[in-house]
Amino acid sequence: MPSTQERAGAAGTEPRILTEDRQSVRLITLNRPERRNVLDLPARADLLAALRAAEHEARAVVLTGAGGFFCAGGDIRAMTADPSEAARRLDVLAALAGQLVHSSVPVVAAVEGGAYGAGLSLVSAATYVVSGATARFEASFGRIGLAPDTGLTWTLPRRIGHARARRMLLLLDAYDADQAHAAGLVDEVVDDGQALPRAIQVAKRLAELSAPMVAATSALLAQGHSTVAEAAAAEGRAQVTLLQSSESQALRARFLDRSARRR
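Parameters at a glance
Residues numbered from 1 in each chain as written. Predicted model: local features only at pLDDT ≥ 70, side-chain atom pairs only at ≥ 80, totals over all residues. Heavy atoms only, no water. Patch = residues over 30% accessible without salt bridge, like charges linked within 9 Å, V, L, I, M, F, W, Y side chains within 5 Å. Areas by Shrake-Rupley, 256 points an atom, 1.4 Å probe, with all protein chains shown as cover. Salt bridge = Lys/Arg side-chain N within 4 Å of Asp/Glu carboxyl O. Helix = DSSP H or I, 4+ residues; strand = E, 2+ residues; numbered from the N terminus. Buried < 20%, exposed > 50% of the residue type's maximum accessible area, 1.4 Å probe, protein only. Core = buried A, V, L, I, M, F, W, Y, C linked by side-chain atoms within 4.5 Å. Pairing = 2+ DSSP bridges. Right-handed = clockwise from strand over helix to strand, strands pointing away. Phe/Tyr/Trp six-rings, centres within 6.5 Å; stacked < 30°, edge-to-face > 60°. Lys NZ or Arg CZ within 6 Å of the ring centre and 35° of its normal.

## Concerning a nonpolar patch on the surface
Part 1 of the argument: Residues I76, M79, I144 and L146 make up a contiguous nonpolar surface patch of about 340 Å² in total accessible area.
Part 2 of the argument: Within the element layout of this structure, M79 appears in the loop between β4 (60-65) and α2 (83-102).
Part 3 of the argument: Residue classification places M79 among the partly exposed positions, given a relative accessible area of 33%.

## Points about unusual backbone geometry
For residues other than glycine, phi is negative in most cases, and the peptide bonds are mostly trans.
Part 1 of the argument: Here the phi dihedral of R36 falls at roughly 55°; this positive angle occurs in a residue that is not glycine.
Part 2 of the argument: With respect to the helices and strands, the residue R36 is situated in the loop between β3 (25-30) and α1 (41-57).
Part 3 of the argument: A residue is classified by how much of its surface remains accessible, and R36, at 41% relative accessible area, is partly exposed.
Part 4 of the argument: Positive phi is not limited to glycine here, since T150 has a value of about 60°.
Part 5 of the argument: Assessed through its relative accessible area of 5%, T150 is described here as buried.

## Side note on the nonpolar core
Part 1 of the argument: Counting residues in hydrophobic clusters, the biggest one holds 48 residues, and the most contacted among them are I28, L47, F70, V111 and F137.
Part 2 of the argument: If one sorts the elements of this core by residue count, α1 sits on top with seven residues.
Part 3 of the argument: In terms of nonpolar packing, the next biggest core, distinct from the first, is built from 15 residues, A110, A195, V202 and A207 among them.

## Some points on the sheet that holds strand β9 (residues 175-176)
Part 1 of the argument: Across the sheet, which stays open at both edges, the three strands sit in the order β6-β8-β9 with mixed pairing between neighbours. The open sheet has two free edges, formed respectively by β6 (114-116) and β9, since each of these has just one partner strand.
Part 2 of the argument: The pairing of β6 with strand β8 (residues 136-138) spans three bridges and is classified as parallel. Note that in β8 the partner of A115 across the bridge is F137.

## Comments concerning the pairing of β4
Part 1 of the argument: Extensive coverage of β4 is indicated by the burial of six of its six residues.
Part 2 of the argument: Burial along β4 is two-sided: the face carrying A60, V62 and T64 and the face carrying V61, L63 and G65 are both buried.
Part 3 of the argument: Looking at chain direction, β3 and β4 are connected through six bridges and run parallel. What sits directly across from R26, in β4, is V61.
Part 4 of the argument: Following the backbone out of β3, through α1 and into the adjacent parallel β4, one traces a crossover that is right-handed.
Part 5 of the argument: Inspection of the sheet shows β4 paired to strand β5 (residues 107-111) by three bridges, in the parallel sense. Paired with V62 across the bridge in β5 is V108.
Part 6 of the argument: One crossover worth recording links β4 to the parallel β5 by way of α2, and it is right-handed.

## Some remarks on the packing of aromatic side chains
Part 1 of the argument: This model, assessed by the stated rule, comprises one aromatic pair.
Part 2 of the argument: Taking the centre distance of 5.6 Å and the plane angle of 70° together, the rings of F69 and Y116 count as edge-to-face. Linking F69 in the loop between β4 and α2 with Y116 in strand β6, this pair joins segments that are 47 residues apart in sequence. As far as the burial class goes, F69 and Y116 line up, both buried.
Part 3 of the argument: Looking at R36, its charged tip hangs above the ring of F69, at a distance of 4.6 Å from the centre.

## Here we look at the pattern of salt bridges
Part 1 of the argument: Throughout the structure, instances matching the rule amount to 13 salt bridges.
Part 2 of the argument: Of the charged contacts in the structure, one is a salt bridge between D75 and R35, with a shortest N-O distance of 2.9 Å. Here the residue D75 occupies a position in the loop between β4 and α2, and R35 occupies one in the loop between β3 and α1, the gap between them amounting to 40 residues.
Part 3 of the argument: Between R159 and D187 there is a salt bridge, and its shortest N-O distance comes to 3.8 Å. With R159 in helix α4 (residues 152-160) and D187 in the loop between α6 (177-183) and β10 (188-190), this pair connects stretches of sequence that are 28 residues apart.
Part 4 of the argument: When its relative accessible area of 17% is taken as the criterion, R159 is described as buried.
Part 5 of the argument: In this structure, a network of salt bridges that share partners links the residues R16, R32, R35, D40 and D75.

Here it is as structure tokens:
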């Protein structure tokens, strides 16, 4: 049986974040289904802690939402104009963005229902995204007079290009699942109710691959070099390190052995 862990909410409430191990894959579930999994400050902190723990305890992560909805964004009821409190809330979101983008383990998002506001930011920062057929994606910050957060102005253009990102962020264009797939925001579209099973399949496949290779490739993709020379130099540094790793040496030996047997 898979082990199950829960990050507790306030006393007498359901945990805001659920975690469960599926062999080498850590399933992290946003667990406020009655509010479409909006992220208040405690939920943000618990999610950040769960992601940080998974980086050391799993080979891949699946991030999803309870109750058939991924995440409706920040908790508007908990928002405040107090500068210090607002800064504290946003600092956690910034840390979440950094954790997702720079994680050494891949994060696969399983999206049902929709991803709005900060939920869209989580999706945009994920390594791989599987969407249910009727899910919708919207940068809804502007509808309440707010700018994007959680690193979305960096992650979204890298996924869908600057022109599409401007339309989503400024004109509040919403995407259905097929449009999100065509734009590059979503990697796969599956039947409703199948996003989580498919995301777990993808995560298990990633977990089977060389962990140093996955971490190095993810890091290279996240660095955002401005020239091909910078990218090639970073690739070279990563490759030199990987060539020295015991895992790469073992995989190369296995490859050469199979090639020799086929002759």
